Amino acid sequence: MIEDPTEWQEDDVNNHDIAIHLQEIASLLEISDASVFRVRAFRRAAEAVEGYPESVVSAAVAQMLTHIEGVGASIAADITSFVERQSSETWDELAQEVPPTLLAVLELRGLGPKKVAAIWRELGVVDVEGLRQAVEQGKVAAMRGFSAKSEEKLKAEIERLGRMQGRTLLWRARAIATSLKRALEALPAVQRVAIAGSTRRWSETVGDLDLLATTSGEPRRIMESFVELEAVGEVLSNGPTKTTVRLRNGMRCDLRVVDDGFWGSALHHFTGSKFHHIELRALAKERGLKISEYGVVDAVTEEFLAGAEEVDVYAALGLPLIPPELREGHGEVSAALAGQLPELVTGKDIRGDLHMHTTASDGTASIEEMARACREKGHEYICISDHSQAVTIANGLTPQRLLAHAEDIRRVDAAIDGIRVFTGCEVDILRDGTLDIPNDVLASLDFVVASIHSGFHMSAQEMTERLLAAIESGVVDAIGHPRGRRLGQREAYEMDFDAILKAALAHDVALEVNASPVRLDLDGVHCRRAVEMGAKLVVSSDAHSVRGLEVLPFGVAMARRGWVTRASVVNALPLAEFCARYDGSRGARTP
DNA sequence: GCCGTTTTCGGCCCGACTGTTTTCAGTCG
Ligand SMILES: Nc1nc2c(ncn2[C@H]2C[C@H](O)[C@@H](COP(=O)(O)OP(=O)(O)OP(=O)(O)O)O2)c(=O)[nH]1
Ligand SMILES: [Mg+2]
Ligand SMILES: [Mg+2]
Ligand SMILES: [Zn+2]
């Protein structure tokens with residue numbers, strides 16, 4: 001138990017680290033042949049920790065861990081222990097029995113817990129290097145369950161291990177998936193094609209692509225054509241209804257083909273997530289039904305009841321359709337049961353874009369070019385928000401340049417028809433929490449975004465105070481990319497997110513949902529917490545070019561993944577209402 | 001290990017592909 005909260009440094013451990021620890025326990029348990037349900041309990045808890053919007057370390061200190069779904073007394077003790085000393089009783093005991101270096105061996109495709117246990121117990125292999133040697137000496141092929149062929153595959157997998165690519169950013173996954181979808185649609189006998197899996201759920205990163213196609217004819221015919229596609233490299237597994245390939249670009253892709261009559265249930269199955277399925281299928285089971293990709297059927301007679309369209313699957317359980325973005329096993333099934341699903345914000349609800357750059361700082365288009373492009377997109381209003389002077393590499397604006405820039409923006413606004421162009425700035429929040437532009441200058445602008453672009457290395461407490469100072473400044477309308485994470489490059493900075501939310505609510509400051517593909521910040525998990533606390537959001541492109549304006553749907557997706565409704569989104573306000581709140585200086589507004 | 005508008009004990013989602021398993025386990029989705 002943690003006695004004194006000052007004893008630990010919360011920067012040391014984050015939610016992801018804890019989730020990894022629980023996943024590793026699950027894997028070691030599998031190798032030691034523990035109950036599959038015990039293993040699943042650890043994996044479910046890991047998933048819940050990963051998706052927990054607040055610091056799990058804080059929850060541990062407050063002894064609130066068992067409030068996390070799937071975390072009971074035992075796993076709570078493991079987490080608390082991990083927070084204190086980066087390990088736990090369960091892990092320590094397991095590590096006595098099973099060498100943790102086997103976890104890397106388990107990463108190899110085709111080697112699951114049973115086979116890893118076999119090569120460990122029978123050959124004494126404890127790590128990848130040991131396995132490489134055993135393979136070279138031909139020891140593996142001689143074992144039961146292996147062969148010369150499987151040994152060759154293993155050899156190739158070990159070679160690949162070094163250059164395995166991780167998860168792919170959502171925007172790239174969607175681009176690749178879309179072109180594959182088109183290629184499949186062009187094949188004869190294909191009826192419908194859908195992008196499924198984590199890509200359809202708009203997960204911020206994607207492990208592999210999952211595509212569904214339906215046919216009136218022989219699924220095998222589609223598979224034959226699929227593996228011949230230009231984009232396809234190696235075929236990893238190839239059955240009549242499911243094929244797995246590695247694309248030439250390195251991504252893996254699964255194609256599932258079923259009869260068109262199963263379109264709905266197959267799409268539902270292949271969209272996931274796994275945890276959504278476990279919950280929904282358990283519910284069906286309680287009601288004497290069974291859900292699979294082949295429909296909702298009577299558990300006893302197997303009589304087909306529903307599955308032509310996705311909505312039918314849910315309807316068979318008396319539920320409304322749950323949008324793909326919510327299907328993460330994070331309470332959406334109970335919410336649907338209670339009739340409490342939110343009416344999610346949509347792209348159509350978005351009336352304007354309030355964060356974009358021009359040639360005045362590091363953008364490539366003029367004010368007018370951005371305004372015209374946004375008018376084309378149907379926006380009613382935009383705000384030009386160039387960088388402030390601290391961001392020297394982005395040619396950030398001094399107060400003088402900013403005032404002149406604001407005049408330019410007003411001139412464009414006066415000259416252009418069909419869209420309002422508001423004055424703004426993306427002002428830096430300096431290390432001490434002050435803003436990079438004097439308050440009176442900022443107060444003369446319509447909409448001010450305040451962001452952090454440097455000085456990330458500080459304690460959670462310092463970072464929280466820094467952000468709070470900006471929120472309380474009285475001249476800021478939104479916090480830009482609030483958590484500062486860049487996918488694959490930088491973790492979010494540590495902070496007391498709830499404290500930020502409370503202050504944002506109190507001072508009427510919105511939190512940005514930055515749609516830039518490497519940011520996606522806030523993400524779904526934190527959007528959900530934000531609106532739960534009553535805070536407002538603003539979904540912005542942060543475009544640095546006309547093309548950059550196209551990313552807005554990714555921001556909308558994060559909001560949707562966060563259970564966000566239109567009412568919580570500032571730029572879902574129609575122009576008149578937006579004007580009533582923001583036109584003119586912030587000072588004129590009562591908080 | 002977790003959990004409860006049927007349960008504090010007894011359940012826990014369901015199916016495709018691979019390979020050597022001669023009747024299905026292991027791995028993966
Ligand atoms: N019922 C059931 N369905 C599963 C299971 N595992 C995967 N699926 C379904 C739902 C998944 O969304 C879909 C594709 O599987 P993937 O492994 O590709 O997962 P997903 O795309 O969700 O995430 P990813 O980004 O690829 O890691 O297959 C499972 O254990 N049970
Ligand atoms: Mg996938
Ligand atoms: Mg997949
Ligand atoms: Zn920025």
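Residues numbered from 1 in each chain as written. Chains lettered and ligands numbered in written order. Predicted model: local features only at pLDDT ≥ 70, side-chain atom pairs only at ≥ 80, totals over all residues. Heavy atoms only, no water.

The next subject is helix 2 (residues 36-50). Taking 1.5 Å per residue as the helical rise, helix 2 with its 15 residues ought to reach 21 Å, and the 21 Å between its terminal C-alpha atoms agrees with that figure. If you check which residues of helix 2 are buried, you get Val39, Phe42, Arg43, Ala45, Ala46, Ala48 and Val49. Packed against the buried residues of helix 2 are helix 1 (15-31), helix 3 (56-61), helix 4 (73-85), helix 5 (89-97) and helix 14 (274-286). Two or three places before Phe37, at the opening of helix 2, Ser35 has a side-chain oxygen 3.0 Å from that residue's backbone nitrogen. (Helix = DSSP H or I, 4+ residues; strand = E, 2+ residues; numbered from the N terminus. Expected span 1.5 Å × (residues − 1). Buried < 20%, exposed > 50% of the residue type's maximum accessible area, 1.4 Å probe, protein only. Contact = heavy atoms within 4.5 Å. Polar contact = N/O pair within 3.5 Å; in protein donor to acceptor, adjacent residues only side chain to side chain.)

Turning our eyes to something else, we now look at the site of ligand 1. Ligand 1 sits among 15 residues. The nearest are Arg167, Ser198, Gly207, Asp208 and Asp210. Here an oxygen atom of ligand 1 sits 2.5 Å away from a polar atom, N or O, in the side chain of Ser198. Here an oxygen atom of ligand 1 and a backbone polar atom of Gly207 are 2.8 Å apart. Considering ligand 1 on its own, with 590 Å² of exposed area, one finds that the protein chains cover 68% of that surface. Looking at the shell around ligand 1, the elements with two or more residues in it are helix 11 (197-200), helix 13 (263-271) and helix 14. In terms of residue class, the shell around ligand 1 is built from two nonpolar, seven polar and six charged. Two domains each donate at least three residues to the shell around ligand 1, and these are domain 2 (168-257) and domain 3 (263-337). (Near = heavy atom within 4 Å. Areas by Shrake-Rupley, 256 points an atom, 1.4 Å probe, with all protein chains shown as cover. Nonpolar A, V, L, I, M, F, W, Y, C, P; charged D, E, K, R; others polar. Domains from an automatic or database assignment.)

In this section: the coordination of the magnesium ion (ligand 2). Asp208 (O), Asp208 (OD) and Asp210 (OD) make up the full set of protein donors to the magnesium ion (ligand 2), lying at 2.0 to 2.6 Å. Around the magnesium ion (ligand 2), the six donor atoms sit at angles spanning 69 to 170°, and that spread fits a shape best called irregular. (Donors = N, O, S within 2.8 Å, 3.2 Å for Na, K, Ca; no water. Tetrahedral: all angles 85-135°; square planar, octahedral: opposite > 155°, others 65-115°.)

In this section: the sheet that holds strand 7 (residues 252-259). The strand order across the open sheet formed by five strands is 2-4-7-6-5, and the pairing between neighbours is mixed. Pairing within the sheet leaves two strands with one partner each, and these edge strands are strand 2 (190-195) and strand 5 (232-238). Sheet twist, expressed as the mean angle between neighbouring strand axes with direction ignored, is 25°. Pairing of strand 5 with strand 6 (residues 242-247), which is carried by five bridges, proceeds in the antiparallel orientation. Of the residues in strand 6, the one forming a bridge with Val232 is Leu247. (Pairing = 2+ DSSP bridges. Axes fitted to C-alpha atoms, helices over the stretch in contact; angles between N-to-C directions.)

Attention now goes to the environment of Ala213. Residue position: Ala213 is located in strand 4 (residues 209-215). A C-alpha to C-alpha distance of 6.5 Å links Ala213 and Ala194, two positions 19 residues apart in sequence. Once residues lying within four places of it in the same chain are set aside, the contact partners of Ala213 are Arg192, Val193, Leu255, Arg256, Val257 and Val258.

One pass over the structure, following the stated rule, counts 10 aromatic pairs. Here Phe447 and Tyr582 contribute two aromatic rings whose centre-to-centre distance is 5.0 Å and whose plane-to-plane angle is 65°, an arrangement assigned as edge-to-face. With Phe447 in strand 14 (residues 447-451) and Tyr582 in helix 24 (residues 575-582), the pair connects residues that are 135 residues apart, well separated along the chain. Three or more aromatic residues link up through ring pairs in this structure, and these residues are Tyr381, Phe422, Phe447, Phe578 and Tyr582. Positioned above the aromatic ring of Phe146 is the side chain of Lys115, whose terminal nitrogen or guanidinium carbon lies 5.2 Å from the ring centre. Above the face of the Phe456 ring, Arg490 is positioned so that its terminal group lies 3.8 Å from the ring centre. (Phe/Tyr/Trp six-rings, centres within 6.5 Å; stacked < 30°, edge-to-face > 60°. Lys NZ or Arg CZ within 6 Å of the ring centre and 35° of its normal.)

The next subject is the domain arrangement of chain A. For chain A, the assigned domains read domain 1 (5-163), domain 2 (168-257), domain 3 (263-337) and domain 4 (347-581). The distance between the C-alpha centroids of domain 2 and domain 3 comes to 23 Å. Taken together, the 15 residues of domain 2 in the interface contact 16 residues of domain 3. Counting the surface domain 2 buries against domain 3, the share from its top three residues, Arg200, Arg201 and Arg256, is 50%. (Buried area = accessible area lost by both parts, 1.4 Å probe.)

Our focus in this paragraph is the coordination of the zinc ion (ligand 4). Every protein donor of the zinc ion (ligand 4) is accounted for by Glu426 (OE), His453 (NE2) and His481 (NE2), and the metal-donor separations fall at 2.0 to 2.3 Å. Read from N- to C-terminus, the donor residues coordinating the zinc ion (ligand 4) fall into the pattern E-x26-H-x27-H. Note that Glu426 is positioned in strand 13 (residues 420-428) and His453 in the loop between strand 14 and helix 20 (460-471), a separation of 27 residues in sequence. Glu426 sits in the buried class, given a relative accessible area of 1%.

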